[in-house]
Amino acid sequence: QVQLVESGGGLVQAGGSLRLSCAASGRTFSRSAMGWFRQAPGKEREFVGGISGSGGTTLYGDSVEGRFTISRDNAKNTVYLQMSNLKSEDTAVYHCARSAQVWVTRDDYYYWGQGTQVTISS
């Protein structure tokens, strides 16, 4: 069974930075694109970013483009989300997810972590 465990969430002031981590199980981690999603109260789930299996290609949602960076360390089976210039609207539960594809997309993610809370104070 695929297991994804997020960490690194917390409370940070607007304008600050935070890095989230997602540790994944499985021997084929490097063959799977990984994504980050978030969901705030009263809002639909939103695509934040994704990264191809090799780490060579990334995609971002419009609301975080230029502020967030997704990366991965396949030797550690870990994907990261570096968040900078945080805004109050970034407050949400952040989930990482694993795709069955090696190329990165904005959907087609099938395995999900339980999430980590990120709260931005103004």
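For the structure given in this document, a descriptive report is provided here.

## What to know about the overall build of the protein
- When helices and strands are counted, the protein shows zero helices and eleven strands.
- Helices (α) and strands (β) of the protein occur, in sequence order from the N terminus, as β-β-β-β-β-β-β-β-β-β-β.
- Computed over its C-alpha atoms, the radius of gyration of the protein comes to 13 Å, within 12% of the 14 Å expected for a compact globule of 122 residues.
- Expressed along its principal axes, the backbone C-alpha trace of the protein runs to roughly 40 × 25 × 25 Å.
- When the 122 residues of the protein are sorted by exposure, 46% land in the buried category.
- The long-range share in the protein, meaning contacts at least 24 apart out of those at least 6 apart in sequence, stands at 58%.
- Accessible surface, the protein as shown: approximately 6300 Å² in total, 46% of it carbon and sulfur.

## Comments concerning the pairing of strand E8 (residues 78–83)
- A large share of E8 lies buried, amounting to five of its six residues.
- Here strand E3 (residues 18–24) pairs with E8 via six bridges, running antiparallel. For Leu18, the partnering residue across the bridge sits in E8 and is Met83.
- Two elements, strand E7 (residues 68–73) and E8, share six bridges in a ladder whose sense is antiparallel. When the bridges of E8 are listed, Ile70 appears paired with Leu81.

Criteria and cut-off values
Residues numbered from 1 in each chain as written. Predicted model: local features only at pLDDT ≥ 70, side-chain atom pairs only at ≥ 80, totals over all residues. Heavy atoms only, no water. Helix = DSSP H or I, 4+ residues; strand = E, 2+ residues; numbered from the N terminus. Rg over C-alpha atoms; globule rule 2.2 N^0.38 Å. Buried < 20%, exposed > 50% of the residue type's maximum accessible area, 1.4 Å probe, protein only. Contact = heavy atoms within 4.5 Å. Areas by Shrake-Rupley, 256 points an atom, 1.4 Å probe, with all protein chains shown as cover. Pairing = 2+ DSSP bridges.

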